[in-house]
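Here's the letter readout for the chains.
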Amino acid sequence: MKNNVARAVEEIEDIVGSGNLSTDEADIYAYSFDASVHSSRPDAVARPSSVEEVSQIMSIAYKYEVPVTPRGAGTSLCGASLAWRGGILLDMTRMRKVKDVRIEDLYVVVEPGLTYREVNEALEKYGFFFPPDPASGDVCTIGGMVGCNASGAHSVKYGATRDHVLGLEVVLADGRIVRTGSRTLKHSSGYQLAKLFVGSEGTLGVVTEATIKVTPLPEYVSTLVAFFDRLEEAGRAISSIISKGLIPYSLEIMDNTCIRAAESYARIGLPTDAEGMIIVEFDGKPSVVSEQIDEARRIVEKFEPVSLEFSDDPNRRMQLWKARKSVLPALSRLEGGLVSTSLADDMVVPMSKIADALKAYNAIAGKYDVVIGLYGHAGDGNLHAKFLLNVTDLESWKKAFKACWEIYERTVSLGGALSGEHGVGFTKSPFMKLEHASDLDVMRIIKKALDPKNILNPGKLALEKDVDSFVYKLRYPVEGV
């Protein structure tokens, strides 16, 4: 394999140039991490600038059977952008053009290295936007969003990335360039291959262009914030809002652990003794939004919140969202010596089961004596459970794995899924059989058909074999791992 990598690297350098191909130890180290708990080193990093260069790189990799891992900004929380088997790490961030804006046809065509924020900056002057709004939106790339079907706070109303992708240009494992989907809002001729590549985490092809449906920017947004002395009541309030036919712009939840963490960072006056907090927003015409907010207030009051707050002030909304989006890093400084980790952090359940899920997750954490912070986009049933661990202690990881197993088991039993927006990568691979007992083999058949040599992002999505544990290739110095 090493000889094959060396040959491939030599040929790839001729394509991208010496300045965009590196085997330097410092570069390799920098690319051996993403936002997950794992670490894995590539043998080389290539930075292509065009679909033609990607095609030639894949042809070379296919010839020498060298693994290729596509990567955007490296914000993956489950190890999807790590070169698990070494080989070539394909940094797509040089491909960052807005190629076409067609507001009259409701789409924009962009390259994969462009960030979510940059796409919306390009659309803002037209009065439109790309809505999913992942928490990492300032830095995450369109290619990465497509790879894991990313979403965020606005998905309860506007959907996830897959709902906005009209078409994709993709380079297959052998270097072939294919165009999938269309540039029309409706498309019913043949298999919906563009949708297949969304969420495939680079295991089926390398996305080199995306045609994305755009949406008019909201005319007006108003916010309701409520605090509860029981987390389950917050969950029931959310289920009730949805069941009454109200479709919010965003609908978020945080437990006491996350409230305390967010307040320790943002200092905006959140009551740190509350057990649960929800943020409810509606967008549209002011008169309609006012009616919706008032209806949501009446619903929430039935669950006896300890306090309520209303605001349409952009500065206050910015404060609240700064606090909400700070939760992941802020949790790491909440409990002395414990680090926030992304393990069971992206479950999704039916909205009617939110309260049941929250209660179950807390009970499981208590059973295994682990600290978790619960929060998420509860309006579409998407819940995050961040484990606070002593990351240098093997027993802490083992307890966390057992707790994760039961959390995912309970999630599936409630009719839920392992991931709502982060994808699977390696971290969630051990649990795939809980949700995909009957169709994982079909996924493997598709993978084999499109990537017969298994060179595209191998080791992810449990596509090769059953995985026993995520306690492997950890980025932390854990004795015994």
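Check the entry above for the structure.
Procedures and definitions
- Residues numbered from 1 in each chain as written.
- Predicted model: local features only at pLDDT ≥ 70, side-chain atom pairs only at ≥ 80, totals over all residues.
- Heavy atoms only, no water.
- Pairing = 2+ DSSP bridges.
- Helix = DSSP H or I, 4+ residues; strand = E, 2+ residues; numbered from the N terminus.
- Buried < 20%, exposed > 50% of the residue type's maximum accessible area, 1.4 Å probe, protein only.
- Axes fitted to C-alpha atoms, helices over the stretch in contact; angles between N-to-C directions.
- Contact = heavy atoms within 4.5 Å.
- Polar contact = N/O pair within 3.5 Å; in protein donor to acceptor, adjacent residues only side chain to side chain.
- Patch = residues over 30% accessible without salt bridge, like charges linked within 9 Å, V, L, I, M, F, W, Y side chains within 5 Å.
- Areas by Shrake-Rupley, 256 points an atom, 1.4 Å probe, with all protein chains shown as cover.
- Salt bridge = Lys/Arg side-chain N within 4 Å of Asp/Glu carboxyl O.
- Disulfide = S-S within 2.5 Å.
- 1 Å grid on protein atoms, 1.4 Å probe; cavity = no way out; pocket = protein on both sides within 12 Å on 5 of 7 lines; lining within 4 Å.
- Points joined across faces, edges and corners; volume = space filled by probe spheres on them.
- Nonpolar A, V, L, I, M, F, W, Y, C, P; charged D, E, K, R; others polar.

Colleague: How would you explain the sheet that holds strand β4 (residues 88-91) if you had to name every residue and give the values?
Modeller: Taken together, the four strands give an open sheet; going across it, the order is β1-β2-β4-β3, and neighbouring strands pair in mixed fashion. In the strand order of this sheet, the two ends are held by β1 (21-22) and β3 (68-71), each with one partner. Alignment of β1 against strand β2 (residues 44-46), held across two bridges, turns out to be antiparallel. The residue bridging S22 from the neighbouring strand is V45, located in β2.

Colleague: Any details on the pairing of strand β18 (residues 371-377)? Residues and values, ideally.
Modeller: Among the seven residues in β18, six count as buried, and that is most of the element. Examined bridge by bridge, strand β13 (residues 250-255) and β18 share two bridges and lie antiparallel to one another. Following the sheet pairing, M254 is matched in β18 by Y375. In terms of strand pairing, β18 meets strand β19 (residues 382-389) through seven bridges, oriented antiparallel. Along β19, the bridge assignment pairs I372 with F387.

Colleague: Can you explain the sheet that holds strand β10 (residues 206-213)? Please cite residues and give values.
Modeller: The strands making up a sheet are joined through hydrogen bonds of the backbone, oriented either antiparallel or parallel. With respect to topology, five strands assemble into an open sheet ordered β5-β6-β10-β8-β9, the strand pairing being antiparallel. Looking at strand neighbours, the two that pair on one side only are β5 (98-102) and β9 (177-181), the edges of this open sheet. Strand-to-strand twist of the sheet, defined as the mean angle between neighbouring strand axes without regard to direction, takes the value 10°. The pairing of strand β8 (residues 165-171) with β10 spans six bridges and is antiparallel. Paired with L168 across the strands is A210, a residue of β10. Strand contacts of helix α3 (residues 51-64): β8, β9 and β10, with the helix running at about 50° to β8, the strand carrying the most contacts.

Colleague: An account of the environment of E209 is needed here, citing residue identities and associated values.
Modeller: Residue position: E209 is located in strand β10. According to the relative accessible area criterion, E209 is buried, its value standing at 3%. Between the C-alpha atoms of E209 and S342, which are 133 residues apart in sequence, the distance is 29 Å. Only 2.7 Å separates the side chain of E209 from the side chain of K99, close enough to count as a polar contact.

Colleague: Provide a residue-level description of a nonpolar patch on the surface, including the pertinent values.
Modeller: Together, Y191, L193 and L196 make up a nonpolar patch on the protein surface, roughly 340 Å² of accessible area in all. The topology assignment puts Y191 in the loop between β9 and α7 (193-197).

Colleague: I'd like a rundown of unusual backbone geometry, residues and numbers included.
Modeller: Residue L106 is not a glycine yet carries a positive backbone phi of 65°. Take L106: it is sitting in the loop between β5 and β6 (107-110). Relative accessible area serves as the criterion here: at 28%, L106 is assigned to the partly exposed category. Non-glycine residue D133 carries a positive phi angle of around 60°. Examined against the element boundaries, D133 turns out to sit in the loop between β7 (128-129) and α5 (142-148). The exposure class assigned to D133 is buried, which follows from its relative accessible area of 15%.

Colleague: Please provide a residue-by-residue account of helix α9 (residues 256-266), values included.
Modeller: In terms of residue burial, α9 counts as a mostly covered element, since eight of its eleven residues are buried. Within the span of α9, buried status applies to N256, T257, C258, I259, A261, A262, E263 and A266. Along its buried surface, α9 packs onto β13, β14 (276-283), α11 (314-325), α12 (327-330) and β18. Taking the backbone nitrogen of T257 as reference, a side-chain oxygen 3.2 Å away marks D255 as the first, capping residue of α9. R267 sits one or two positions beyond α9 and adopts a positive phi of about 50°.

Colleague: Please provide a residue-by-residue account of the state of the cysteines, values included.
Modeller: Counted according to the given criterion, the structure contains zero disulfides. With no disulfide partner, C258 has as its closest neighbouring cysteine sulfur the one in C404, 15 Å distant. Given a relative accessible area of 0%, C258 falls into the buried group.

Colleague: Before we move on, could you go through the pattern of salt bridges and cite the residues and values that matter?
Modeller: Taken as a whole, this structure holds 35 salt bridges when the rule is applied. For D451, the salt bridge goes to K447, with nearest N and O atoms at 2.7 Å. Judged by its relative accessible area of 6%, K447 falls in the buried class. Because the salt bridges share partners, they merge into one network encompassing K99, E169, R179, R183 and E209.

Colleague: Now, about empty space enclosed by the protein: what can you tell me, with residues and values included?
Modeller: Counting across every chain of the model gives two cavities of 30 Å³ or more. The space that makes up the largest cavity amounts to roughly 40 Å³. Around the largest cavity, the lining residues are D133, A135, A153, E252, W321, R324, K325 and H377. The element contributing the most residues to the lining of the largest cavity is α11, with three residues. For the lining of the largest cavity, a count of residues per class yields three nonpolar, one polar and four charged. Of the voids in this model, the second largest cavity is the one considered here, and its volume is about 30 Å³. Class assignment of the residues belonging to the lining of the second largest cavity gives a composition of five nonpolar, one polar and two charged.

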